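# Structural description and commentary
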Amino acid sequence: MDDNLIQVTVIDRDGSENTLEVPTDINLSLMEILKATEYEILATCGGMALCATCHVEVVEGLDTLPSASDQELDMLDTLPDADDQSRLACQLYLQNSNNGMKIKIKGALQ
């Protein structure tokens, strides 16, 4: 496997799973990667951590991510279904250490 290519498993809202090969040297957020691979992510605010429509649950690999910022935590606090495994995909830039991560899409569709 390429040194800058990791695998991330995505569980869609309908429960279907797909493993994506994600380059870590392209400087795109997980939200941008999900949108580019045609997952339904509203991303109403354009990735500014202001709308939470890119809410994901990190099923595996949460410990490989940096801590959430105060702004991200404040936005997650507005969601009724957020928990300790919740993150905003727009705030996650994947690194090689995130190989094998598994996420579930939870963000609103409207």
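Presented here is a report on the structure given in the accompanying data block. Here the structure is a predicted model, which means the values were calculated and not measured. (Residues numbered from 1 in each chain as written. Predicted model: local features only at pLDDT ≥ 70, side-chain atom pairs only at ≥ 80, totals over all residues. Heavy atoms only, no water.)

## Quick word on the sheet that holds strand 5 (residues 102-105)
The strand order 2-1-5-3-4 describes an open sheet built from five strands, whose pairing is mixed. Edge strands, defined here as strands with exactly one partner in the open sheet, are strand 2 (17-23) and strand 4 (86-88). Across the sheet, the mean angle separating the axes of adjacent strands is 35 degrees when strand polarity is ignored. Taken together, the three bridges between strand 1 (residues 5-11) and strand 5 define a ladder with parallel strand orientation. Within strand 5, the position partnered with Val10 by the bridge is Ile103. (Pairing = 2+ DSSP bridges. Helix = DSSP H or I, 4+ residues; strand = E, 2+ residues; numbered from the N terminus. Axes fitted to C-alpha atoms, helices over the stretch in contact; angles between N-to-C directions.)

## Notes on the side chain of Thr24
Position of Thr24 among the secondary structure elements: in the loop between strand 2 and helix 1 (30-36). Judged by relative accessible area, Thr24 falls into the buried class, the value being 16%. Within the structure, Thr24 has its side chain in polar contact with the side chain of Asn96 (distance 2.7 Å). (Buried < 20%, exposed > 50% of the residue type's maximum accessible area, 1.4 Å probe, protein only. Polar contact = N/O pair within 3.5 Å; in protein donor to acceptor, adjacent residues only side chain to side chain.)

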